[in-house]
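# Analysis of the macromolecular model
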Amino acid sequence: MKILSGLGLGLFLAGFGLWLYTLTMNEFTLTPAILKQNIKPEHQSTLGTRLQPMLNKTYSNGWAFSYAFDNELNGLNSEYKAAQQWDKVIYDEYSFAITKAAAQGPLKETPSQWLFLTFGLAILGALLYILPQLRLLPGIKNNHIFQQSSTARGALGWMVGTFLIGFYILLYYFPQYLVNWTLLVDPLSKAFNGGEASRWFLYGFLYTICVTVMGVRMLIKYRHSRYQQVRTLSVMFFQTAVAFIIPEILVSLNKPYYDFKNIWPLDYDFFFDYNLNSLVQSGGLGIFMLVWGIILFLIGVPVMTYFFGKRWYCSWVCGCGGLAETLGDPYRQLSDKSLKSWKIERYIVHGVLVFAVLMTAMVLYTYFTGSSNVLFIDSYSVRSAYGFWIGGIFAGVVGTGFYPLMGNRVWCRFGCPLAAYLGLWQRKKSRFRITTNGGQCISCGNCSTYCEMGIDVRAYAQRGQDIVRSSCVGCGICSAVCPRGVLNLENASEGTRVMVAPEVMLGNDMKR
């Protein structure tokens, strides 16, 4: 078993190392034909002229090429801004497309081979490392999670966090520096949608691979719990089929890219003008997508949350939750359980919800009236600010990059507006609860340790108090790791949710 795990680790590191190395591969040459194909006619005489020194010059890697291109573009824009020629400033994102078009070398000529040598080896190695755990007896084993460098904010944890943060920054704001990685997945993109891979196809592919491979780990680790088995298969299915494959097929059919499980306000750009226009102009299917999205947050959320709590979405369907439950599972014990953290959480997550609602109201006002000024505030500036700070920095850079530092539900706990919306329904109008049998609690603390949402579950159990917190995502891990069967996920009449049950806490019938 150790030999197989060691082999798997070696293959994973080899594939991962080659994947990093591919960023240094290929040569890049800008030609007149590339400029003509990728730059708008109105920019040919300005930007095209500015780029003349780069023409037919070969750069040894994409980083050098992108840096040179960005310098020329930014220099030109700086001159326009200094002269206050705002109408001439170029806002188009040319860098990624031109860098990719200028690529020459093995990644462009034989991408399938490099796809196998990188992702293929990494996936095979990860599975070989994970599968031997089947020989262990079922059940939760802490395995020194607070002593290991990778899971206790040690050097390895910081390295992983730094890598994730760096990846998200490049993906969102400097995708031109990841062109070689998109070249790797071009064959898959062409198979799914008929076109070359974009940065978002790369991201969707990586996201799906992480959820799937680490989902296998979850299936093995929690194989003693049927609830966890089915829940893990659910998030794997929704990410692979609904969030990745179906939207790409829709694109191949010239239909809008649409994730049927994404709900406003998490899908904050659902009501943006370009999205509404795209859906309306796509005929019957587009109208159905628009109506489906509206019904989901107006009717679907209240009804489903009433019967099942927010777990129906946050732990069974959501892509953010799916990544947190699979890739983020090794870090769930890092969530802060303090009262101070809980107070901060309430203010921030509900603040983001209010921000999302106000931003959407302004966007719709602009869409229907044509005026971008709402009470002297520019709606486009507000939505750009939301997209940058919440959609990019908070949800991506912090939300995932901070897994090894603050636990796997940083975004879901502190920033997700949909989680806040679901939580309001769960707390006030839901049949869902986690019941506790305080008489059986031995205060081992497993439940609190493994709670990714920072809930001190043990404190509730010791008091014999039902857990009806709005932040609880109903993942059920607290129940799965309890050695005494103290905790149980239930759906019952909302009026029967017991807040204090001293007779349960004492383990006897107080009527005697």
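All values reported here derive from a predicted model rather than from experimental measurement.

Parameters and conventions
Residues numbered from 1 in each chain as written. Predicted model: local features only at pLDDT ≥ 70, side-chain atom pairs only at ≥ 80, totals over all residues. Heavy atoms only, no water. Helix = DSSP H or I, 4+ residues; strand = E, 2+ residues; numbered from the N terminus. Rg over C-alpha atoms; globule rule 2.2 N^0.38 Å. Buried < 20%, exposed > 50% of the residue type's maximum accessible area, 1.4 Å probe, protein only. Contact = heavy atoms within 4.5 Å. Areas by Shrake-Rupley, 256 points an atom, 1.4 Å probe, with all protein chains shown as cover. Lys, Arg positive; Asp, Glu negative; His and termini not counted. Charge placed at Lys NZ, Arg CZ, Asp CG, Glu CD. Salt bridge = Lys/Arg side-chain N within 4 Å of Asp/Glu carboxyl O. Pairing = 2+ DSSP bridges. UniProt positions renumbered as here; feature names shortened; annotations may be inferred. Core = buried A, V, L, I, M, F, W, Y, C linked by side-chain atoms within 4.5 Å. Polar contact = N/O pair within 3.5 Å; in protein donor to acceptor, adjacent residues only side chain to side chain.

## Concerning the overall build of the chain
- The secondary structure content of the chain amounts to 26 helices and 7 strands.
- In terms of overall size, the chain behaves like a compact globule, its C-alpha atoms giving a radius of gyration of 25 Å where 512 residues would be expected to give roughly 24 Å.
- Projected onto its principal axes, the C-alpha coordinates of the chain cover approximately 90 × 65 × 45 Å.
- Relative to its full complement of 512 residues, the chain shows a buried share of 51%.
- Long-range pairs, those at least 24 residues apart, make up 77% of the contacts in the chain between residues at least 6 apart in sequence.
- A total of about 23800 Å² of accessible surface is found on the chain, and carbon and sulfur atoms cover 64% of it.
- Averaging the coordinates of the 43 positive side-chain charges in the chain and doing the same for the 28 negative ones gives two points 11 Å apart.

## Details of the pairing of strand E6 (residues 432-436)
- A large share of E6 lies buried, amounting to 5 of its 5 residues.
- Alternating positions in E6 separate into two faces, Phe432, Ile434 and Thr436 on one and Arg433 and Thr435 on the other, with burial throughout.

## Comments concerning the pattern of salt bridges
- Inspection of every chain in the model, using the stated rule, returns 18 salt bridges.
- Between Lys261 and Asp259 there is a salt bridge, with the nearest N and O atoms lying 3.3 Å from each other.
- Here Lys261 falls in the buried class, since its relative accessible area comes to 8%.
- Among the ionic pairs, Asp329 bridges to Arg332, the shortest N-O distance being 2.8 Å. Of the two residues examined, Asp329 and Arg332, each falls in the buried class.
- Here the salt bridges share partners, and the residues they tie into one network are Arg217, Lys221, Arg231, Glu325, Asp329, Arg332, Arg409 and Glu452.

## Observations regarding the sheet that holds strand E1 (residues 27-29)
- The 3 strands are arranged E2-E1-E3 in an open sheet whose pairing can be described as antiparallel. Taken across any chain shown, the strands that pair with only one partner, and hence form the sheet edges, are strand E2 (58-59) and strand E3 (103-104).
- Where E1 meets E2, 2 bridges bridge the pair, whose relative direction is antiparallel. When the sheet's bridge partners are listed, Thr29 is paired in E2 with Thr58.

## Examining the UniProt feature "transmembrane region" (unreviewed entry) in the chain
- When the UniProt feature table is mapped to this numbering, "transmembrane region" (unreviewed entry) covers residues 114-134, 155-174, 200-220, 232-253, 285-308, 347-368 and 388-405.
- Along residues 200-220 the backbone is 100% helical and 0% strand, and the end-to-end C-alpha distance reaches 30 Å.

## Let's talk about the nonpolar core
- Counting 68 residues, the largest nonpolar core has Ile263, Tyr313, Leu418, Ile434, Val457 and Leu487 as the members making the most contacts within it.
- When residues of this core are assigned to their parent elements, the largest contribution, 7 residues, is made by helix H18 (residues 339-369).
- If sequence neighbours within four positions are ignored, Leu487 has contacts with Ile434, Thr435, Thr436, Cys447, Val457, Ala461, Ile467, Cys478, Ser479 and Cys482.
- With 59 residues, the next largest nonpolar core counts Tyr59, Leu76, Phe201 and Met236 among its residues.

## Overview of the environment of Thr360
- Summarising the element assignment, Thr360 is placed in helix H18.
- Residue Thr360 is classed as buried on the basis of its relative accessible area, which comes to 5%.
- Linking Thr360 and Asp269, residues 91 residues apart in sequence, is a C-alpha distance of 8.2 Å.
- Contact partners of Thr360, with chain neighbours within four places excluded, come to Trp264 and Phe271.
- Within the structure, the side chain of Thr360 is placed 2.8 Å from the backbone oxygen of Ala356, a separation counted as a polar contact.

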